[in-house]
Amino acid sequence: MTLRSEREGRAADDLARHLLDTGALTPEWADAFRAVPRSLFLPDLFWAYDMATGRSEPVVRSEDPAGWERAAYEDIPAVTQWDDGQHVGTAPGSRGTSSASMPSVVASMLRDLDVRDGTRVLEVGTGTGWNAGLLAHRLGSGSGNGNVVSVEIDPAVAASASAALARAGLGPRLVEGDGREGWPPGAPYDRLIVTAGVRSLPAEWLEQTRPGGIILAPWGTHYSNQDALVRLTVGEDGRGAGPFLRTVEFMKLRDQRLDWNRFVEHVKEFPGDADASRTSRTPADLGDRYETPYFVIGLCVPDCAHVVNVSDSGEDGDAKAWFFDFLSQSWAAVVFSPSAPDATVYQSGPRRLWDEVEQALTWWISRGRPDIDRFGLTVDRDGTTRPWLDTPVGVLPSFA
C-alpha cells in the first residue's frame, strides 16, 4: 500500500466514523465507505461548495494537495463539471452540471434504498462513479456480475467514472446513454436509484422495476429547484406509490431543466397595467428552498415558477417574490418592504398566480402545517403523477 493510499484509507475511516455517528450511515454500509475512498473519484480540479455562503470554491490538487484531500472528505457537495463541459478555467461556471453529492446524502440514500445480498440495482446518473462503486462493493463487482448497472448521458463524465472505478478495482456495468430510458437489457431491477433531480418520472423506470421493487428519486416541481426524495414501491399494476422522505436539492436531468430566460418576455414593464392589492403575508410564510411550504405550494399550484429577488439597495431593501405561468403570459410580483406592514401585490394575465399561492398556503395551514414526510406521490404507468397527503386517496387540491 502506498503512502497516498494509506492516507486515503485513514480519511475514509474518519468519514465513515463521522457518518455513523450522525446516523446517515448504517453499519451495513460502513465497510463499503471505508474500502471505496471518495478521493479516488474526484478530479484534480473540483469546486467545493461552501454551505454557509452558497459559493463554490476551486480546489486544485497540484497547488494544495493537503487542502484538496481535506476537501475531498468533507461532508459537502463538490461540483466536478460546469456548463455541460463547455467551461474552462478555475473560476466557477454558470451552471453546475455534474457533481459529487455530500457524503451524508449518498449514505442516507443508500440506506433508504434498502438493498440485500443479490439485489439488482439500476442507477440513473453515474456522475463521478463513487455511488456506483459503493453499490458494487456491497453487491458484487466484476465480469458476469450484473447486480449494478449505472447509466450516464455525458461521454466525458462516463469516461472519467469508468477510469476511477478501474483504479478502485470495481466493475459495475457502465452504460453511456440517456438515463430516462433506463437500461432494458438488465431489467427487471429490484431497485432503481436516481442521482439527479427529476420533474417527471419516465414510464420506462416503472416498466423496468419489478413488482415490489423500489424507485428512489429526488422529485419536485418547476416551482423551484427544490426536490424531495421520494421512495416509490412498484405495484403489480405497474404503478408506483410511496412517501416523500425529506427535502434535498440535486442537479436536474438535462432534458428537465427549467430555462428561466423563458420568462423574460412576461413582464414588458413593471408594474405596467397589473392589478394591485395588498397582503399581510411575509417572505417567511413562503418558506425557503428547504422548507415544507415551499414544496407544497409547488404541488398545489401547477405550471408556476417562483423566484425571489432582493433589490440593489442592500440588506434593508425591498424584496420581490416573482411568480410566472408556463402556459400564458400571466405573472405576479409581491413587493415586501421593511418600512410597510403589508406587501404590495401585482398580478397580470388570465391567472391570478398570487391568489393561487395564498390559497395553497391557507390549505396547508388549515391541515395543521404537515411536514414533508406526510406527503407522498403516486405515479401511473404512463408517468402521470398525483401528490397526496397521508394516504394515496388524499389527493392534493390544485388551485390553478
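Notes on the structure follow. In this text, all values refer to a predicted model and were calculated from it rather than measured experimentally. (Residues numbered from 1 in each chain as written. Predicted model: local features only at pLDDT ≥ 70, side-chain atom pairs only at ≥ 80, totals over all residues. Heavy atoms only, no water.)

So, on to the overall build of the protein chain. Counting its secondary structure elements, the protein chain contains 10 helices and 18 strands. What you see for the protein chain is a C-alpha radius of gyration of 22 Å, in line with the 21 Å of a compact globule of 400 residues. Put simply, the protein chain has 400 residues, and 50% of those count as buried. Restricting to contacts in the protein chain with at least 6 residues of sequence separation, those with at least 24 account for 61%. If you sum the accessible surface of the protein chain, you get close to 17900 Å²; carbon and sulfur atoms cover 49% of it. Put simply, the protein chain has 39 plus and 57 minus side-chain charges, and the middle of one group is 4 Å from the middle of the other. (Helix = DSSP H or I, 4+ residues; strand = E, 2+ residues; numbered from the N terminus. Rg over C-alpha atoms; globule rule 2.2 N^0.38 Å. Buried < 20%, exposed > 50% of the residue type's maximum accessible area, 1.4 Å probe, protein only. Contact = heavy atoms within 4.5 Å. Areas by Shrake-Rupley, 256 points an atom, 1.4 Å probe, with all protein chains shown as cover. Lys, Arg positive; Asp, Glu negative; His and termini not counted. Charge placed at Lys NZ, Arg CZ, Asp CG, Glu CD.)

Along the chain, Arg 351 turns up in the loop between strand S16 (343-348) and helix H10 (353-366). Contact partners of Arg 351, with chain neighbours within four places excluded, come to Val 301, Pro 302, Asp 303, Asp 325, Ser 330, Glu 356 and Ala 400.

In this section: the layout of surface pockets. Approximately 420 Å³ is the volume found for the second largest pocket. In terms of lining, the second largest pocket is formed by 24 residues, of which the most central are Trp 219, Thr 221, Gly 298, Pro 302 and Asp 303. Listing elements by their share of the lining of the second largest pocket, those giving two or more residues are helix H9 (292-300) and strand S18 (385-389). Residue contributions to the lining of the second largest pocket peak at 3 residues, all from H9. (1 Å grid on protein atoms, 1.4 Å probe; cavity = no way out; pocket = protein on both sides within 12 Å on 5 of 7 lines; lining within 4 Å. Points joined across faces, edges and corners; volume = space filled by probe spheres on them.)

What the rule picks out here adds up to 17 aromatic pairs. Residues Phe 33 and Trp 130 carry aromatic rings whose centres are separated by 5.4 Å and whose planes lie at 75° to one another, so their mutual orientation is edge-to-face. With Phe 33 in helix H2 (residues 27-35) and Trp 130 in helix H5 (residues 130-139), this pair connects stretches of sequence that are 97 residues apart. Judged by relative accessible area, Phe 33 falls into the buried class, the value being 2%. (Phe/Tyr/Trp six-rings, centres within 6.5 Å; stacked < 30°, edge-to-face > 60°.)

Let's shift gears to unusual backbone geometry. Glycine aside, residues mostly have negative phi, and peptide bonds are mostly found in the trans state. In this structure, Pro 188 follows Ala 187 across a cis peptide bond, with omega equal to 0°. Across the junction of Phe 270 and Pro 271, the peptide omega takes the value 0°, indicating a cis bond. Mapping Pro 271 onto the fold places it in the loop between strand S11 (240-248) and strand S12 (275-279). The phi torsion at Asp 114 lies on the positive side, around 55°, for a residue other than glycine. If you trace the backbone, Asp 114 turns up in the loop between helix H4 (103-113) and strand S5 (121-124). Residue Asp 114 is classed as partly exposed on the basis of its relative accessible area, which comes to 28%.

A few words now on the nonpolar core. If you look at soluble globular proteins, the nonpolar side chains tend to sit buried side by side. In this structure, Trp 205, Trp 219, Phe 244, Leu 286, Phe 323, Trp 363 and Phe 375 are the most contacted members of the largest nonpolar core, which totals 53 residues. Considering every element that reaches this core, the biggest residue donor is H10, with 7 residues. Residue contacts for Phe 323: discarding those within four places in its chain leaves Tyr 223, Leu 286, Cys 304, Ala 305, His 306, Ser 330, Trp 331, Ala 332, Val 334, Leu 353, Trp 354 and Val 357. In this structure, Ala 78, Ala 100, Leu 165 and Ile 193 belong to the second largest nonpolar core, which totals 45 residues. (Core = buried A, V, L, I, M, F, W, Y, C linked by side-chain atoms within 4.5 Å.)

Turning our attention to the sheet that holds strand S17 (residues 375-379). Reading across the sheet, the 9 strands line up as S7-S6-S5-S8-S9-S10-S11-S17-S18 and stay open at both edges, with mixed pairing between neighbours. Bordering the open sheet on either side are strand S7 (173-176) and S18, each of which pairs with just one other strand. Adjacent strand axes in the sheet meet at a mean angle of 20° when their direction is disregarded. One ladder, built from 4 bridges, connects strand S6 (residues 148-152) with S7; its direction is parallel. Bridge pairing in S7 links Val 149 to Arg 173. Together, S5, S6 and strand S8 (189-194) form the strand contacts of H5, whose direction differs from that of S6 by roughly 170°. (Pairing = 2+ DSSP bridges. Axes fitted to C-alpha atoms, helices over the stretch in contact; angles between N-to-C directions.)

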